[in-house]
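Remarks on the overall topology
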Amino acid sequence: MPCFIKPDFLMRLLWAGVTALLTMALLPAATAHAEGSIKITSVKLETAEEGYQFDADFEIVLNHKLEYALEKGIVLYFVTELNIMNSRWYWLDERIGHSRVREGLSYFALTRQYRLSRGTLSQNFATLKEALQALSRVRNRPISVSSELKQDTEYTMELRMRLDISALPKPFQVETLGGSKEWDLSSGILRWSTILPPQKHADSHRP
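Below, the structure is looked at part by part. Every chain's residues receive numbers from 1 upward, in the order its sequence appears when written. Since the coordinates come from a predicted model, pLDDT governs what is reported: local features require at least 70, and pairs of side-chain atoms require 80 or more to be given and counted, while whole-chain, interface and lining totals use all residues. To obtain the side-chain values, all non-hydrogen atoms of the structure were included, while hydrogens and water were left out.

All right, on to the overall build of the protein chain then. Of regular secondary structure, the protein chain possesses four helices and nine strands. Its helices and strands in sequence order give the protein chain the pattern α-β-β-α-β-β-β-β-α-β-β-α-β, from N to C terminus. Contact criterion: two residues are considered in contact whenever any of their non-hydrogen atoms come within 4.5 Å of each other. Considering only contacts in the protein chain between residues 6 or more positions apart, those separated by 24 or more positions represent 65%. Exposure was quantified through the Shrake-Rupley algorithm and a 1.4 Å probe, taking into account, for residues, occlusion by the shown protein chains and nothing else. Put simply, the protein chain shows about 14,000 Å² of open surface, and 57% of that area lies on carbon and sulfur atoms. In this text, helices come from DSSP runs of H or I with a minimum length of four residues, and strands from runs of E with a minimum of two, each type numbered from the N-terminal end.

This is the structure:
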């Protein structure tokens, strides 16, 4: 006997197939935004009047949970760190240069502005995009040196930017301990070897 398939069943089957294809097409973009990321796009080491400083550029994307936390008044603190390491074959590597700055990103619903603060300094922005652009541009950041650096010696540099989970309210810290990756926002550590540029010396014979 011939087998007949009802038209309404065919329509439901066709619609299910179309829905599945649309879901597969949108999934990569949605997943990428949901995860969030910090990427290092450039870094430059320079001499300063007293020691060394560096410039760096990052690409920062917040996921939906972090954006929601901002809108609810939670301050997100980002830490940018750079280390100068001296490799030692006989012992652990020695850190001889260090820079660490923590910046707070917040949102004020009353004024509908985002604020980026560092210590006693702060700056307001109309959009989150503008605030993240300012956070991602590190310029003339000084490096504290604990011992004398040699220009003819190769050192290992380490650079990282991360969300400071320890500065989050306690309930969110517990959530991160439970395995949630939505708060784990970090560039990872970028390492490279370099010989330091000649250091500037103040001219003691100025008139």
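Turning to the pattern of salt bridges, a few remarks are in order. Salt bridge, as used here, is a side-chain nitrogen of Lys or Arg placed within 4 Å of a carboxyl oxygen of Asp or Glu. Across all of its chains, the model carries nine salt bridges by this definition. Note that Arg 102 and Asp 164 form a salt bridge whose closest N and O atoms lie 3.4 Å from each other. In this pair, Arg 102 is assigned in strand 4 (residues 94–108) and Asp 164 in the loop between strand 8 (154–163) and helix 4 (170–177), connecting sequence segments 62 residues apart.

Turning to helix 3 (residues 128–136), its buried residues are Leu 128, Ala 131, Leu 132, Leu 135 and Ser 136. All buried residues of helix 3 fall inside an arc of 135° around its axis, so they share one side. To sort residues, take the accessible area from a 1.4 Å probe on protein chains only and compare it with the maximum for the residue type: under 20% means buried, over 50% means exposed, and anything in between is partly exposed. Working note: the arc is built from the helix axis to C-beta atom directions.

Think of it this way: a Phe, Tyr or Trp ring, Trp meaning its six-membered ring, pairs with another when their centres are within 6.5 Å, and the plane angle makes it stacked under 30 degrees, edge-to-face over 60, tilted otherwise. Enumeration over the complete set of coordinates arrives at one aromatic pair. A cation over an aromatic ring shows up here: Arg 102 above the ring of Tyr 77, its NZ or CZ 4.2 Å from the ring centre. Throughout this description, the term charge over a ring refers to an Arg CZ or Lys NZ atom that lies within 6 Å of the ring centre and within 35 degrees of the ring normal.

Residue position: Glu 81 is located in strand 3 (residues 76–86). Owing to a relative accessible area of 14%, Glu 81 belongs among the buried residues under this scheme. Leaving out residues up to four positions away in the same chain, Glu 81 has contacts with His 98, Ser 99, Arg 100, Glu 158, Leu 159, Arg 160 and Arg 162.

Those residues of helix 2 (residues 64–71) not exposed but buried are Leu 66, Ala 69 and Leu 70. Buried residues along helix 2 cover an arc of 100° about the axis, so they all sit on one side. For helix 2, the secondary structure elements touched by its buried residues are strand 3, strand 4, strand 5 (113–118), helix 3 and strand 8. Residues adjacent in sequence count toward polar contacts only when both atoms are side-chain atoms; beyond that, a polar contact is any pair of N or O atoms within 3.5 Å, and within protein one must be able to donate a hydrogen and the other to accept it. Between the side-chain oxygen of the N-cap and the backbone nitrogen of Lys 65 there are 3.1 Å, and the N-cap of helix 2 in question is Asn 63. At the exit of helix 2 stands Gly 73, carrying a positive phi of roughly 95°.

Pairing between two strands is assigned when DSSP locates at least 2 bridges connecting them. Pairing of strand 5 with strand 6 (residues 121–125), which is carried by five bridges, proceeds in the antiparallel orientation. Counterpart to Arg 115 in the pairing with strand 6 is Asn 124. Turn length for the strand 5-strand 6 hairpin, with the two strands adjacent in sequence and antiparallel, is two residues, and the turn residue Gly 119 shows positive phi of about 65°.

Next up on the list: unusual backbone geometry. In the Ramachandran plot, Arg 112 falls in the positive-phi region, its phi being about 55° despite a non-glycine side chain. Examined against the element boundaries, Arg 112 turns out to sit in the loop between strand 4 and strand 5. According to the relative accessible area criterion, Arg 112 is exposed, its value standing at 65%. In this structure, Asn 140 is a non-glycine residue whose phi angle is positive, near 55°. The topology assignment puts Asn 140 in strand 7 (residues 137–145). The class for Asn 140 is partly exposed, based on a relative accessible area of 47%.

As a further point, take a nonpolar patch on the surface. Exposure above 30% relative accessible area and the absence of a salt bridge qualify a residue for a patch, where like charges join within 9 Å and nonpolar side chains (Val, Leu, Ile, Met, Phe, Trp, Tyr) within 5 Å. Side chains of Trp 89, Tyr 90, Trp 91 and Leu 92 sit close together on the surface and give an oily, nonpolar patch of about 680 Å² of accessible area. Position of Trp 89 relative to the elements: it lies in the loop between strand 3 and strand 4. Using a relative accessible area of 83% as the deciding quantity, one classes Trp 89 as exposed.

Another aspect to go through is the environment of Ile 195. In this fold, Ile 195 is placed in strand 9 (residues 190–195). Along the primary structure Ile 195 and Asp 152 are separated by 43 residues, whereas in three dimensions their C-alpha atoms are 6.4 Å apart. In this structure Ile 195 touches Gln 151, Asp 152, Thr 153 and Glu 154, once residues within four positions along its chain are discounted.

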